[in-house]
Amino acid sequence: MLRRIAVRLASLVGVLLLLTVIVFLIQQTLPSDPVKSFYGRNTSPEVLAEKREEIGLDDPIVEQYTRFMERLVQGDLGTSLRTRQPVRSDIGSFLPATIELAAAAAVVAVVFGGLIGILGSRPGRGSSAMRSSSIALAAVPTFLAGILGILVFYRWLGWLPAGQRSSEVSASAPTGFLMIDTILGGDPRGLGDAALHLIMPAIALGIGPAVAIGRTLRASLRETYSEEYIRTARAKGVGESTVIRRHALRNAVNPALAMAGLQLGLVLAGAVVVEVVFSWPGIGLYLSQGIASSDFPAVIGVVFVLGIMYVLVNAAVDTVQLLIDPRLRT
Amino acid sequence: MNPPDMQVAVEPEAGLGGELPTAGSLQAARHVADGEGMAEDAARRRRRFGLGRRAGGRRRSGRSGRVAVWLLVGITLVLLLLPAVLQLSESDIASTPFEEPLSEQLLGTDSQGRDVVARMLIGMRTSWFAALGVISVGVAVGGAIGLVAGFSGGIVDTLLMRLTDAALALPGPLVALAVVAALGPSLRNTLIAVALTWWPWYARIVRSQVRSLMHRPHVEAARVGGLSRPRIAFVHVVPGTLSAVLVAASLDVGSVILVLAGLSFLGLGSPAPAAELGAMTAQGLTYLFNAPWVAVAPAAGLFVLAVLANIAGDAATDALER
């Protein structure tokens, strides 16, 4: 058990190292000259060459990678060409909004995924309707879900707000997580407002993963229903809901968990698109503005941070799987 | 591909069911199954139910195979012929800007007075062929890596599969995004970037197929017969891996279409005035409340294309698996 987790951690370190190598190589292949774009086009070539040597862009590649890693370990991601601020502090100020959105989407994905899986696994009616609708739902582009949500629930029905995280700019934001800040500040109106703003983006972001999780759970539940211990439990007269909860779900949940890990990782990538649709002030919006203004340090910084989160989420889910399923431990 | 090869292309663990016929003993065997077997099982499931759209086992039918082929051919032909026959153009000014749908143009015009339907169809054509291109490259690269790994075994196998696992553990779309941002936004660079991240699953599938095929009598016979290694690989092993790879690839078309559109939406596709569904939607967002059709039409076109691809993939799975 411990050995398994140790092996998992070792591979985690390997993957993170690979991520740094990829990010480093991408930086190396940048066609634009970082020195030139930072000091301006009108700087003379001699000064540019001098600066280049000063920063060490002429050094051997391994040396540059070592230096890159040194800076990375210190949390230095470079300076944004657009905001002229350190990328790290930019990301730091936008990250809470993204995490809040991703967490809400994860709740949507797991809750709806569970419902789809459990309801869909029941024999009889609705099974093929379930299948067709999940084929269709899996094909909905994230931005289409967002746009239709905005048009229907904001524009036509006026039920929900669209865009931004809250109606008013809150003065005190100790954590940056609006839901937590408003609770800490004893501001029930602000909390409700923040929650309302969160609903549509979270659903737009979470619905695709919910379908994927639901289908996995449904398939593995169906397989479990044909096991003998389920028949035994039913023959003993155990209620159907108890059969599902105590006997089937526990044995069937593992593939769905693996799926959830993958999907929650993908939620981070999808968040970028959703943030653009809803003008959600997170690192996704920062990233897309960075793309529009060729701000490579910002783009690469955000990709790196999201990549780390993706890898960590998957590692965490793998560990949870080990904890709940003894069959995986041997 | 002939029928015997398809029979051969069954998952390795399928043998378990053959030896142990009753449900009870099957379950017992599952508990005994070693950790690696479980991990492979989980990986297979991730594959099948994650990017894949298939749920539950259904019996194989000749009809769904035909459905899949007709759908794929039909989409390709329609997208190839329609813009050409109707002489659609992505940059022609058709009318005044923001013409409402059903007035003169079927779906109205955009901010520059261009026909939304024309641009949507051209964008769908771009998406479709781009996705097919990415998948072909992915299958070729992944297939080659999987074949080499499975065929050589030993240290080469270990190294290649470690690399594959590491690549799988990274978020593909994000890495692709960074690569495009570095290479410079364009459709070609987007295709390269996504193709670079879309091979690991194929490598895994091909490798596991090759490993199990290597011990089949027909391959051993070929080896005893003294055939050359390339001949054994390409004539006796590769055909047996095809159906599994085709299933995986056909299930991926819809996902690739969506990933490419997402990158284009973020401004990483071709520069304007090229008609790309993602970029068109992003441009339409500005006028969402005054002219919603400009943003909704391309996004809906994308949805239709992805649904058709998913149905085709589902049907192909039905026909080729089991």
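(A) Expanded view of the overall build of chain B. Counting secondary structure elements, chain B contains 14 helices and 0 strands. Mapped in sequence order, the helices and strands of chain B form the string α-α-α-α-α-α-α-α-α-α-α-α-α-α. Taken across its 322 residues, chain B has 48% of its residues classed as buried. When contacts within chain B are restricted to residue pairs at least 6 apart in sequence, those whose partners lie at least 24 apart make up 70%.

(B) Layout of the overall build of chain A. The helix and strand inventory of chain A stands at 13 helices and 0 strands. Ordering the α and β elements of chain A from the N terminus gives α-α-α-α-α-α-α-α-α-α-α-α-α. Counting only C-alpha atoms and orienting by the principal axes, one finds that chain A spans roughly 85 × 55 × 40 Å. For chain A, buried positions account for 39% of its 330 residues. By sequence separation, contacts in chain A at least 24 residues apart represent 73% of the contacts at least 6 residues apart.

(C) Highlighting the nonpolar core. Among the nonpolar cores identified, the biggest contains 171 residues, and B:Ala178 and B:Ile257 are the most heavily contacted of them. The element that contributes the greatest number of residues to this core is helix H11 (residues 240–277) of chain A, accounting for 20 residues. Discounting chain neighbours no more than four positions away, the residues touching B:Ala178 are A:Val23, A:Ile26, A:Val299, A:Ile300 and A:Val303.

(D) Molecular detail of helix H13 (residues 277–284) of chain B. Counting buried positions over the 8 residues of H13(B) gives 7, a clear majority of the element. All buried positions along H13(B) are accounted for by B:Leu277, B:Gly278, B:Ala279, B:Met280, B:Thr281, B:Ala282 and B:Gly284. Of the surrounding elements, those touching the buried residues of H13(B) are helix H7 (142–156) of chain A together with helix H6 (116–152), helix H12 (229–265) and helix H14 (292–320) of chain B.

(E) Summary view of the environment of A:Ala315. Residues and elements named next belong to chain A. Inspection of the secondary structure assignment puts Ala315 in helix H13 (residues 296–324). The class for Ala315 is partly exposed, based on 19 C-beta atoms found within 10 Å. Sequence separation between Ala315 and Leu12 is 303 residues, and the spatial gap between their C-alpha atoms is 7.0 Å. Discounting residues that sit within four places of it in the chain, Ala315 has contacts with Arg8 and Leu12.

(F) Fine view of unusual backbone geometry. All names here are of chain A. Although it is not a glycine, Arg84 sits at a positive phi angle of roughly 60°. You can see Arg84 is positioned in the loop between helix H4 (61–73) and helix H5 (87–121). Of note, the phi angle at Ser279 is positive, near 45°, even though the residue is not glycine. Along the polypeptide, Ser279 turns up in the loop between H11 and helix H12 (283–292).

(G) Up close: the packing of helix H9 (residues 188–225) of chain A against H11(A). All names here are of chain A. At a closest axis distance of 8 Å, the pairing of H9 and H11 adopts a crossing angle of 160°. Classified by the interaxial angle, the pair formed by H9 and H11 is roughly antiparallel. The handedness of the crossing between H9 and H11 is right-handed. Residues that form the contact of H9 with H11 fall into these classes: 20 nonpolar, 6 polar and no charged.

(H) Structural context of the interface of chain B and chain A. Contacts between the two partners involve 52 residues from chain B and, on the opposite side, 58 residues from chain A. Contributions of two or more residues to the side of chain B that touches chain A are made by helix H3 (23–32), helix H4 (35–49), helix H7 (154–169), helix H8 (172–183), H12 and H14 of chain B. In terms of residues, the side of chain B that touches chain A owes the most to one element, H14(B), which gives 12 residues. Its residues placed into classes, the side of chain B that touches chain A shows 35 nonpolar, 12 polar and 5 charged.

(I) Examining the environment of B:Gln87 more closely. With respect to the element layout, B:Gln87 can be found in the loop between helix H5 (62–85) and H6. Here the alpha-carbon distance between B:Gln87 and B:Ala118, two residues 31 residues apart in the chain, equals 8.9 Å.

(J) Quick peek at H6(B). All names here are of chain B. Look at H6: 53 Å from first C-alpha to last across 37 residues, which is about the 54 Å you get at 1.5 Å a residue. Burial of H6 is extensive: 26 of the 37 residues sit out of reach of the surface. Looking one or two residues beyond H6, the residue adopting positive phi is Gly153, at roughly 70°.

(K) Layout of the confidence of the model for chain B. Residue and element names in this part refer to chain B. Here chain B averages 75 in pLDDT, while 80% of its residues score no lower than 70. Mean pLDDT per element in chain B: helix H2 (residues 14–19) is the minimum at 33, and H6 is the maximum at 90. With a pTM of 0.80, the predicted complex shows an ipTM of 0.83.

(L) Looking closely at the packing of helix H11 (residues 217–224) of chain B against H12(B). Residues and elements named next belong to chain B. Where H11 contacts H12, the axes come no closer than 10 Å and their chain directions differ by 160°. In terms of orientation, H11 and H12 fall into the roughly antiparallel class. As for the relative orientation of H11 and H12, their crossing is right-handed in sense. Two secondary-structure elements touch here, H11 through His218, Val219, Ala222 and Arg223 and H12 through Ile232, His236 and Val237. Considered class by class, the residues forming the contact of H11 with H12 number 4 nonpolar, 2 polar and 1 charged.

(M) A look at the environment of B:Val245. Residues and elements named next belong to chain B. Along the chain, Val245 falls in helix H12. The spatial distance from the C-alpha of Val245 to the C-alpha of Gln209 is 9.3 Å, given a sequence separation of 36 residues. Leave out the neighbours within four places in its chain, and Val245 touches Val139, Gly143, Tyr202, Ile205 and Val206.

Conventions we followed
- Residues numbered from 1 in each chain as written.
- Chains lettered and ligands numbered in written order.
- Predicted model: local features only at pLDDT ≥ 70, side-chain atom pairs only at ≥ 80, totals over all residues.
- Helix = DSSP H or I, 4+ residues; strand = E, 2+ residues; numbered from the N terminus.
- Buried ≥ 20, exposed ≤ 12 C-beta atoms within 10 Å, placed from the backbone.
- Contact = placed C-beta atoms within 7 Å.
- Core = buried A, V, L, I, M, F, W, Y, C linked by C-beta atoms within 7 Å.
- Axes fitted to C-alpha atoms, helices over the stretch in contact; angles between N-to-C directions.
- Parallel < 35°, antiparallel > 145°, perpendicular 65-115°, else oblique.
- Left-handed = near helix turned anticlockwise from the far one by under 90°.
- Nonpolar A, V, L, I, M, F, W, Y, C, P; charged D, E, K, R; others polar.
- Expected span 1.5 Å × (residues − 1).
- pLDDT = per-residue confidence, 0-100.

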